Amino acid sequence: MILSMTGFGKASLQLSGKKITVEVKSLNSKGLDLNVRIPAPFREMELTLRNRIAALLERGKVDFSIYSESTADESSSKINTGIITGYMNQLRELAKATDAELLQMAVRMPDAFKTEREEMNEEEWKQIIPVIDEALQNIVTFRKNEGAVLEKEFIGRIENIRKFMNEAIALDPERVTLIKDKLQTAITELKANVDENRFEQELIYYLEKLDITEEKVRLNNHLNYFLETLQGNEANGRKLGFICQEIGREINTMGSKSNHAGMQKLVVQMKDELEKIKEQVLNVL
C-alpha cells in the first residue's frame, strides 16, 4: 500500500490554565523538509521531537506546531508600573495632555509590559507527548487514505496504457501491409527493374528495424513491475518514478517506429496516461 506525502493531523489537550493544540501538515518534497514551531518552555525538547517526526513521516515538506492558549483568568503578562509612570512623567514635560492621553502613549513604549518567563514543566510535557503521538497518527491515517485514492488511480491508468498498447499491437499486421504496399508502389513509380529476392531481403531488414515486439514485451513487464511495486511495504515513490521513466522510454520507441497514424494516436494516448501518473507519483512517499 502506498502513502501520500500530503496530510494533516491535529489533536488537543486541556491542562490547568491552558489549552494545548498540536497540528501537523505535510506536502510533497524530495526529502524531509521539517519546520517545527513550539512554545519557548519546551524548546529543549525540539531535537527529540524532530527525530520522532522524521522517523514516522520520512519525507515531505512538514510543518509541525504546538500552540499554547491560556484559559486562566490571570495573564502571564504584567503591567510594568514603574516604567509606565516614568514614561508619563517624561511625556508630561514635552506635551500638554491629560493623564488618560499620557497613559495611552506610555503603554505603547518599550517594556511597558513584562512577561513572566515560563520554565519547562516535566509533568506537562509527559501529558503532551500522547497528544503529539495522536496528531502524528492522524496525519499517517490521512496519508494512508490519500494513498489508497492514488493507488486506485494508478491501477486504472496503468491498465489504460496496457489497453492502448494491445490496441496498437492489433494494428501491427495492417501497419506491415501498408509499409510493404508503400515500398512496392515507390519502386513501381520508379519503373526500375528489381531483383525480387533482394527486394524481399531488404524488406525483411526494414520491417525488423520497425518491429515493436521487444518494446511490447518490455513495456508489459514495466507495467507489471509498477503494479507490484504499489503493493510493497516500504516507501516507494522514487522507485515508481524510475519505473515511469522506463515506461516512457518504451512508449517513445514504439511511437518512433510506428509509421502508422492509428498506432501513433494510441501512442499519444499512452503518453497522456503516463504523464498523469508521473504528476501524482511526485506526491507518493
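Residues numbered from 1 in each chain as written. Predicted model: local features only at pLDDT ≥ 70, side-chain atom pairs only at ≥ 80, totals over all residues. Heavy atoms only, no water.

**Remarks on the packing of aromatic side chains**
We describe a pair of aromatic rings using the distance from one ring centre to the other and the angle between the two ring planes. As enumerated under the stated definition, the model contains two aromatic pairs in all. Consider the rings of Phe 42 and Trp 125, whose centres lie 5.3 Å apart with planes at 40°: the pair is tilted. On the criterion of sequence distance, the pair formed by Phe 42 in the loop between β3 (32–37) and α1 (46–57) and Trp 125 in helix α4 (residues 122–170) is long-range, its members being 83 residues apart. Seen in terms of ring centroids, Phe 154 and Phe 226 are 5.7 Å apart; in terms of plane orientation they differ by 85°. Their pairing is edge-to-face. With Phe 154 in helix α4 and Phe 226 in helix α7 (residues 213–230), this residue pair connects regions lying 72 residues apart in the sequence. (Phe/Tyr/Trp six-rings, centres within 6.5 Å; stacked < 30°, edge-to-face > 60°. Helix = DSSP H or I, 4+ residues; strand = E, 2+ residues; numbered from the N terminus.)

**Re the sheet that holds strand β4 (residues 60–70)**
The four strands lie next to each other as β1-β2-β4-β3, forming an open sheet whose pairing is mixed. Taken across any chain shown, the strands that pair with only one partner, and hence form the sheet edges, are β1 (7–15) and β3. Geometrically, the sheet is characterised by an average inter-axis angle of 10° between neighbouring strands, direction not taken into account. Where strand β2 (residues 18–27) lies against β4, ten bridges are found, and the strand directions are antiparallel. Its bridge partner being in β4, Ser 26 is matched across the sheet by Val 62. Packing of α1 onto the sheet brings it into contact with β2, β3 and β4, and relative to β3 it is tilted by some 140°. Strands in contact with α4 are β1, β2 and β4; relative to β1, the strand with the most contacts, it is inclined by about 155°. (Pairing = 2+ DSSP bridges. Axes fitted to C-alpha atoms, helices over the stretch in contact; angles between N-to-C directions. Contact = heavy atoms within 4.5 Å.)

**Re the pairing of β2**
Of the pairings in the sheet, the one linking β1 to β2 comprises nine bridges and is antiparallel in character. Residue pairing in the sheet places Phe 8 in a bridge with Lys 25 of β2. Linking β1 back to β2 in an antiparallel pair, the connection comprises two residues, with Gly 17 at a positive phi of about 85°.

**Overview of the packing of helix α2 (residues 81–94) against helix α3 (residues 99–106)**
Interaxial distance between α2 and α3 falls to 9 Å at its minimum, and their mutual angle equals 120°. With respect to each other, α2 and α3 are oriented oblique. Here α2 and α3 pass one another in a crossing that is right-handed. Only Asp 99, Leu 102, Leu 103, Met 105 and Ala 106 of α3 make contact with α2, whose side of the interface consists of Ile 84, Tyr 87, Met 88, Leu 91 and Arg 92. (Parallel < 35°, antiparallel > 145°, perpendicular 65-115°, else oblique. Left-handed = near helix turned anticlockwise from the far one by under 90°.)

**Re the environment of Glu 273**
Mapping Glu 273 onto the fold places it in helix α9 (residues 261–281). Relative accessible area serves as the criterion here: at 9%, Glu 273 is assigned to the buried category. For the pair Glu 273 and Ile 158, spaced 115 residues apart in the sequence, the C-alpha separation amounts to 7.7 Å. Among residues more than four places away in sequence, those in contact with Glu 273 are Arg 157, Asn 160, Ile 161 and Phe 164. (Buried < 20%, exposed > 50% of the residue type's maximum accessible area, 1.4 Å probe, protein only.)

**Observations concerning the pattern of salt bridges**
Counted under the stated rule, the structure contains 18 salt bridges. Ionic pairing is found between Glu 167 and Lys 163, a salt bridge with its closest N-O pair at 3.6 Å. In this pair, Glu 167 and Lys 163 both sit in helix α4, four residues apart, roughly one turn of the helix. Arg 218 is the salt-bridge partner of Glu 214, the closest N and O atoms lying 3.4 Å from each other. Highlighted residues: Glu 214 and Arg 218, both in helix α7, separated by four residues, approximately one helical turn. With relative accessibility at 53%, the residue Glu 214 sits in the exposed group. Given the relative accessible area of 33%, Arg 218 is considered partly exposed. Where salt bridges share partners, they join Glu 214, Glu 215, Arg 218, Glu 250 and Lys 257 into one cluster. (Salt bridge = Lys/Arg side-chain N within 4 Å of Asp/Glu carboxyl O.)

**So, the packing of α4 against α9**
With their axes 9 Å apart at the nearest point, α4 and α9 run at an angle of 165° to one another. Taken together, the axes of α4 and α9 are roughly antiparallel relative to one another. Crossing handedness for the pair α4 and α9: left-handed. Where α4 approaches α9, its residues Leu 150, Glu 153, Phe 154, Arg 157, Ile 158, Asn 160, Ile 161, Phe 164, Met 165, Glu 167 and Ala 168 are matched on the opposing element by Met 263, Leu 266, Gln 269, Met 270, Glu 273, Leu 274, Lys 276, Ile 277, Gln 280 and Val 281. Along the lines of polarity and charge, the residues of the contact of α4 with α9 split into 13 nonpolar, three polar and five charged. (Nonpolar A, V, L, I, M, F, W, Y, C, P; charged D, E, K, R; others polar.)

**Structural notes on the nonpolar core**
Core analysis: the biggest nonpolar cluster contains 29 residues, and Phe 154, Leu 219, Phe 226, Ile 247, Ile 251, Met 270 and Ile 277 have the highest contact counts within it. Contributions of two or more residues to this core are made by α4, α7, α8 (237–258) and α9. Counting residues in each nonpolar core, the second largest holds 24 residues, with Ile 20, Phe 42, Leu 49 and Leu 136 among its members. (Core = buried A, V, L, I, M, F, W, Y, C linked by side-chain atoms within 4.5 Å.)

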